[in-house]
Amino acid sequence: MVLLNDELLENNQAQIAYNNRGTYYGDGVFETIRCYDKQPIFYESHYFRLMSSMRILRMEIPQSFTPEFFEEQISRLHKANGIDSAHSRIRITVWRDTGGFYTPTASGVCYSMELTTLQDPYIYQSKNEVELFKDHLLPLGLLGSLKTANKTINVLAGIYKTENDYDDMLLLNQNKMVAECISGNLFLRSGDTIKTPPISDGCLNGIMREQVIAQIKRMLNYKFKEESITPFELQRADELFSTNVIQGIQSISKYRKKEYEHTAATELRDFFNAKLFQ
């Protein structure tokens, strides 16, 4: 079962207009939330990021779109699907009402919500080998930090990854700095210093990124920096890892001839597993 504009429908019955602005122009945003025991994790951060993204895209936010409303809909979807697993994933997609060409004729929105089950807590996962994706560059600025329905560069990087047997790709921005992975923020450790690119470098304003940064700042054995990462730094680093709320912290094992340690990623993964799932 999925939710489409407040209505519970079977997956094959959930139909939207062929000319909806999400598929016509990528005129939409989405939010992916991990749940534990049917409760959304980091819910407040997800909610405010969704509202902020809608405001930036000048969408009209319905009065019904309160924090309580989405919590109720998440609970309703879990009940309707009869999910037994303790771990699940919710995707909320919002797109502008149909009408107009590039210039919309309405500012109202439609939304959908879908649920899938997940594996157990954040498990040890290593991306064996990554490479730079050079075919297209991420834009700088605010729009690049949003989870919009237009993720063409990420999609093309995913295809390149599959065709060339890599486990992930490192995306570059217009300044040729390393901004992020296909579906996660990138962190680099050299010695006792961990750094990640600033949002202004075009990376996603990730919820897990925010949580990991806060935890690193509390850890006495590491220093933290938010600054650009050049491709040349990758082979001098001791460790690379990526983060997102669904998969947690994923270590990267190899970039070209450089092989990496997994020390900080393991510490962080253990911390969040204990904090969130016990």
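Thresholds applied
Numbers given for residues are sequential positions, taken from 1 along each chain in its written order. Only residues with pLDDT of at least 70 are given local features in this predicted model, and only at 80 or more are side-chain atom pairs given and counted; all residues enter the totals for whole chains, interfaces and linings. For side-chain calculations, the full set of non-hydrogen atoms in the structure is used, while hydrogens and water are omitted. Elements are defined by DSSP. Helices are runs of H or I of four residues or more, strands are runs of E of two residues or more, and each kind is numbered from the N terminus. Every helix has an expected span of 1.5 Å times one less than the residues it contains. For every residue, the accessible area obtained with a 1.4 Å probe (protein chains only) is divided by the maximum for its type, and the residue is called buried under 20%, exposed over 50%, and partly exposed between those limits. Arc, as used here, means the arc of the directions from the helix axis to the C-beta atoms. Strands are treated as partners if at least two bridges between them are detected by DSSP. Handedness rule for crossovers: strands pointing away from the viewer, path from the first strand over the helix to the second running clockwise, crossover right-handed. For salt bridges, the criterion is a side-chain nitrogen of Lys or Arg within 4 Å of an Asp or Glu carboxyl oxygen. Axis definition: a line fitted to C-alpha atoms, over the contacting stretch in the case of helices. Angles run 0 to 180 degrees between N-to-C directions. By the definition used in this description, the sense in which the near helix is turned from the far one sets the handedness, with an anticlockwise turn below a right angle giving left-handed and a clockwise turn giving right-handed. We call two residues contacting when some pair of their heavy atoms lies within 4.5 Å. Residue polarity follows a fixed list, in which Ala, Val, Leu, Ile, Met, Phe, Trp, Tyr, Cys and Pro are nonpolar, Asp, Glu, Lys and Arg are charged, and the others, Gly among them, are polar.

**Student:** An account of helix α4 (residues 152-163) is needed here, citing residue identities and associated values.
**Tutor:** Over its 12 residues, α4 extends 17 Å from the first C-alpha to the last, a length consistent with the 16 Å expected when each residue adds 1.5 Å. Within α4 the residues assigned to the buried category are Ile 153, Asn 154, Ala 157 and Gly 158. Along the axis of α4, the buried positions cluster into a sector of 140 degrees, meaning they face one direction only. The exposed set on the far side of α4, more than 90 degrees from its buried face, consists of Thr 162 and Glu 163.

**Student:** Can you break down the pairing of strand β12 (residues 193-196) residue by residue, with the values?
**Tutor:** Going residue by residue along β12, you find Thr 193 and Lys 195 tucked away on one face and Ile 194 and Thr 196 tucked away on the opposite face as well. Judged from the 3 bridges that link them, strand β11 (residues 184-190) and β12 form a sheet pairing that is antiparallel. By the bridge assignment for β12, Leu 188 is matched with Lys 195. Two successive antiparallel strands, β11 and β12, enclose a turn made up of 2 residues, where Gly 191 displays a positive phi of approximately 65 degrees. Where β12 meets strand β13 (residues 223-226), 4 bridges bridge the pair, whose relative direction is parallel. For Ile 194, the partnering residue across the bridge sits in β13 and is Phe 224. With helix α5 (residues 207-218) bridging β12 and the parallel β13, this β-α-β connection has right-handed handedness.

**Student:** If you had to explain the pattern of salt bridges to someone new, which residues and values would you point to?
**Tutor:** With the rule as written, the count across this model stands at 9 salt bridges. As a salt-bridge pair, Arg 189 and Glu 239 come within 2.7 Å of each other at their nearest N and O atoms. With a gap of 50 residues between them, Arg 189 in strand β11 and Glu 239 in strand β14 (residues 239-244) connect regions that are remote in the sequence. Here the two residues Arg 189 and Glu 239 agree in accessibility, since each one is buried. Glu 261 is the salt-bridge partner of Arg 189, the closest N and O atoms lying 2.6 Å from each other. In this pair, Arg 189 is assigned in strand β11 and Glu 261 in the loop between β17 (258-259) and α7 (263-277), connecting sequence segments 72 residues apart. Several salt bridges converge on common partners, so that one network encompasses Arg 21, Asp 27 and Arg 96.

**Student:** Would you mind going over the packing of helix α2 (residues 43-56) against helix α3 (residues 67-81) in detail, with residue names and values included?
**Tutor:** Look at α2 against α3: their axes get within 11 Å of each other, and the N-to-C directions meet at 115 degrees. In terms of crossing hand, the pair formed by α2 and α3 is right-handed. Here α2 contributes Tyr 43, Tyr 47, Leu 50 and Met 51 to the contact with α3, which in turn contributes Pro 67, Phe 70, Glu 71 and Ile 74. When the residues that make up the contact of α2 with α3 are grouped by side-chain class, the tally is 7 nonpolar, no polar and 1 charged.

Structural measurements only, silent on function.
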